[in-house]
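Examining the three-dimensional arrangement
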Amino acid sequence: MVPSPTPTPGGVSTEIELLARVADQLVGGNSVEEVLRLVLDAATDLLRAGRGSILLVVPGTAEMSMRVARGVPEEVVARTRVPIGSGVAGGVAATGRPLLLTDAGRERGYKDSSAVCVPLKIKGEVLGVLNLNDRTDRPFDESDLRLATLFANQAAVALHHARLIEEVRE
């Protein structure tokens, strides 16, 4: 479960406090699936996204598969594979650079025209991407992109750690 932010002395919650609390949970020896679910839940809550997904690079291939999602039907999650270099998520995986879309367009199924896609990478290796869209209160902006990137960097470390633990257990 994602921790709820604690109020500051002025009564306002801060994103940094939530990031710190989530980071504490991410280093708890969780499985890869638990880390992915925690990351997605925290990211969509933190950035007030109505929909989100995490795609991971499939080892030994040039594609990613969708592993977890919010606001996306399960059958779509199960069958979604994206070639690295193709589309928004594939492009972010290929370049390793975060992307803010301000003109995603309603034709792509978004409720608004903005979206954020950031790489989950560690030591230059892209493990996957985090997609967020349908922000509930306003379009995404550059500050959201920076926050999502910071969060994705922490998430990549937790994901890498969880994979190492699973390898040791096997």
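Structural data are supplied above this passage.
Residues numbered from 1 in each chain as written. Predicted model: local features only at pLDDT ≥ 70, side-chain atom pairs only at ≥ 80, totals over all residues. Heavy atoms only, no water.

With respect to the pairing of strand β6 (residues 125-135)
Most of β6 is tucked away: 10 of the 11 residues are buried. Two strands pair when backbone bridges link them, and strand β5 (residues 115-122) and β6 are joined in this way by 8 bridges, in the antiparallel orientation. The residue of β6 that forms the bridge with Leu120 is Gly128. Where β5 folds back onto β6 in an antiparallel hairpin, the turn is made up of 2 residues, including Lys123, whose phi is positive at roughly 50°. (Buried < 20%, exposed > 50% of the residue type's maximum accessible area, 1.4 Å probe, protein only. Helix = DSSP H or I, 4+ residues; strand = E, 2+ residues; numbered from the N terminus. Pairing = 2+ DSSP bridges.)

So, helix α4 (residues 87-95)
For α4, the full list of buried residues reads Ala89, Gly90, Val92 and Ala93. Looking straight down α4, one finds its buried side chains confined to an arc of 160°; they lie on one side. Turned more than 90 degrees away from the buried face of α4 sit Gly87 and Ala94, all of them exposed. Contact partners of the buried residues in α4: β1 (49-57), β2 (63-70), β3 (81-83), β4 (99-101), β5 and β6. (Arc of directions from axis to C-beta. Contact = heavy atoms within 4.5 Å.)

With respect to the nonpolar core
Formed by 32 residues in total, the largest nonpolar core has its most connected members in Ile54, Val116, Leu120, Leu130 and Leu132. When contributions to this core are tallied by element, the ones reaching two or more residues are α2 (32-46), β1, β5, β6 and α5 (142-169). With 10 residues, the single largest contributor to this core is α5. Excluding its chain neighbours within four sequence positions, the residues that come into contact with Leu120 are Ile54, Leu56, Glu125, Val126, Leu127, Gly128, Val129, Leu130, Ala152, Ala155 and Ala156. Listed in part, the 12 residues of the second largest apolar core include Leu55, Met66, Ala89 and Val129. (Core = buried A, V, L, I, M, F, W, Y, C linked by side-chain atoms within 4.5 Å.)

Some remarks on the sheet that holds β1
Strand order in this open sheet of 6 strands is β3-β2-β1-β6-β5-β4, and the pairing throughout is antiparallel. At either end of the open sheet lies a strand with only one pairing partner, and these are β3 and β4. Each strand of the sheet is rotated relative to its neighbour by a mean of 25°, with strand direction disregarded. Strand direction decides the pairing type here: β1 and β2, joined by 6 bridges, are antiparallel. In the strand pairing of β2, Leu56 is matched with Ser65. (Axes fitted to C-alpha atoms, helices over the stretch in contact; angles between N-to-C directions.)

Quick look at the environment of Val39
Inspection of the secondary structure puts Val39 in helix α2. Along the backbone, Val39 and Ser53 are 14 residues apart, and their C-alpha atoms lie at a distance of 9.8 Å.

A look at the pattern of salt bridges
For the structure shown, the criterion picks out 11 salt bridges. The residue Asp137 makes a salt bridge to Arg135 at a minimum N-O spacing of 2.6 Å. Using a relative accessible area of 46% as the deciding quantity, one classes Asp137 as partly exposed. What you see here is one network of salt bridges that share partners, running through Arg48, Arg135, Asp137, Arg138, Asp141 and Asp144. (Salt bridge = Lys/Arg side-chain N within 4 Å of Asp/Glu carboxyl O.)

Observations concerning the environment of Val116
Position of Val116 among the secondary structure elements: in strand β5. As a C-alpha pair, Val116 and Ala89 span 27 residues in sequence and 9.7 Å in three-dimensional space. Beyond its immediate stretch of four places on either side in the chain, Val116 contacts Leu99, Leu100, Leu130, Asn131, Leu132, Phe140, Leu145 and Ala148.

Quick look at the pairing of β1
Bridge count for β1 against β6 is 7 bridges, and the pairing is antiparallel. Bridge pairing links Ser53 to Asn131 in β6. Counted between consecutive antiparallel strands, the loop separating β1 from β2 contains 5 residues, among which Gly60 sits at a positive phi close to 80°.

It is worth stressing that arrangement in space is one thing and function is another; only the former is reported here.
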